[in-house]
Amino acid sequence: MPLLRSSVPLPWHRYKYAAPTVLPVSPLTPLDCRARCDRLVGLVDKLLALTPKLRAGPSGRPPTDAERHALPNAVTATDQQIDALVYDLYGLTPDEIKLVEGTA
């Protein structure tokens, strides 16, 4: 409680009166929406199927050296595809994508 009464500026003071930000979503037709939804669900299912294989290997046995190198690459590639689909959905520019990813 004393910290709240102190005159030391807290970081949240900077954001206290910030206007809410609304992200625009590109207009979608029902067929386009369905296709994007199916693509996103497929990629998430693929990611969920790959993740346990990282621990146990594809057939429940410990992963081989080749699998140990290939599986993380497949997970990373799938994750990047999901990110790209979401960025496209929100209509982000390359500069905005860099900002979101923290590479700006």
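Residues numbered from 1 in each chain as written. Predicted model: local features only at pLDDT ≥ 70, side-chain atom pairs only at ≥ 80, totals over all residues. Heavy atoms only, no water.

Asks: When you look at the overall build of the protein chain in this model, what are you seeing that I'm missing?
Replies: Along the protein chain, the regular secondary structure elements total four helices and zero strands. Reading the helices (α) and strands (β) of the protein chain from amino to carboxyl end gives α-α-α-α. Taken over 104 residues, the protein chain has a buried fraction of 12%. The long-range fraction of contacts in the protein chain, counting pairs at least 24 apart against all pairs at least 6 apart in sequence, stands at 55%. (Helix = DSSP H or I, 4+ residues; strand = E, 2+ residues; numbered from the N terminus. Buried < 20%, exposed > 50% of the residue type's maximum accessible area, 1.4 Å probe, protein only. Contact = heavy atoms within 4.5 Å.)

Asks: Explain a nonpolar patch on the surface here, please?
Replies: On the surface, L40, V44 and L48 cluster together to form a nonpolar patch covering roughly 230 Å² of accessible area. With relative accessibility at 57%, the residue L48 sits in the exposed group. (Patch = residues over 30% accessible without salt bridge, like charges linked within 9 Å, V, L, I, M, F, W, Y side chains within 5 Å. Areas by Shrake-Rupley, 256 points an atom, 1.4 Å probe, with all protein chains shown as cover. Salt bridge = Lys/Arg side-chain N within 4 Å of Asp/Glu carboxyl O.)

Asks: Sorry if this is basic, but what is going on with helix α4 (residues 94-101) here?
Replies: Among the eight residues in α4, zero count as buried, and that is only a small part of the element. Count one or two residues on from α4 and you reach G102, which has phi positive near 80°.

Asks: What should I look at first to understand helix α3 (residues 65-90) in this one?
Replies: Along an α-helix, a turn takes 3.6 residues, which lines up residues three or four apart on a common side. Between the first and last C-alpha of α3 there are 39 Å, a value that for 26 residues agrees with the 38 Å anticipated at 1.5 Å per step. Within the sequence span of α3, burial applies to E67, L71, V75, T78, I82, L85 and Y87. Just beyond α3, the residue with positive phi is G91, at close to 65°. (Expected span 1.5 Å × (residues − 1).)

Asks: How do you make sense of the environment of G42 when you look at a structure like this?
Replies: Note that G42 resides in helix α2 (residues 30-56). The class for G42 is partly exposed, based on a relative accessible area of 37%. Between the C-alpha atom of G42 and that of I82, which follows or precedes it by 40 residues, the distance is 9.7 Å.

Asks: Whenever I open this one, the confidence of the model for the protein chain confuses me. Can you help?
Replies: Low pLDDT means the predicted coordinates in that region are not meant to be read closely. Model confidence for the protein chain is summarised by a mean pLDDT of 76, while 65% of its residues fall at 70 or above. Mean pLDDT across the elements of the protein chain bottoms out in helix α1 (residues 2-5) (48) and peaks in α4 (91). Confidence drops under a pLDDT of 50 for residues 10-16, and excluding neighbours within four residues, the segment shows three contacts in the predicted structure. (pLDDT = per-residue confidence, 0-100.)

Asks: Any chance you could explain the pattern of salt bridges here in plain terms?
Replies: As a working rule, side chains carrying opposite charge can pair if their charged atoms are close by. Per the counting criterion, the structure on display carries two salt bridges. Two residues, D38 and R34, come together in a salt bridge whose shortest N-O distance is 3.6 Å. Taken together, the residues D38 and R34, both in helix α2 and four residues apart, mark about one turn of the helix. By relative accessible area, which is 42% here, D38 ends up partly exposed.

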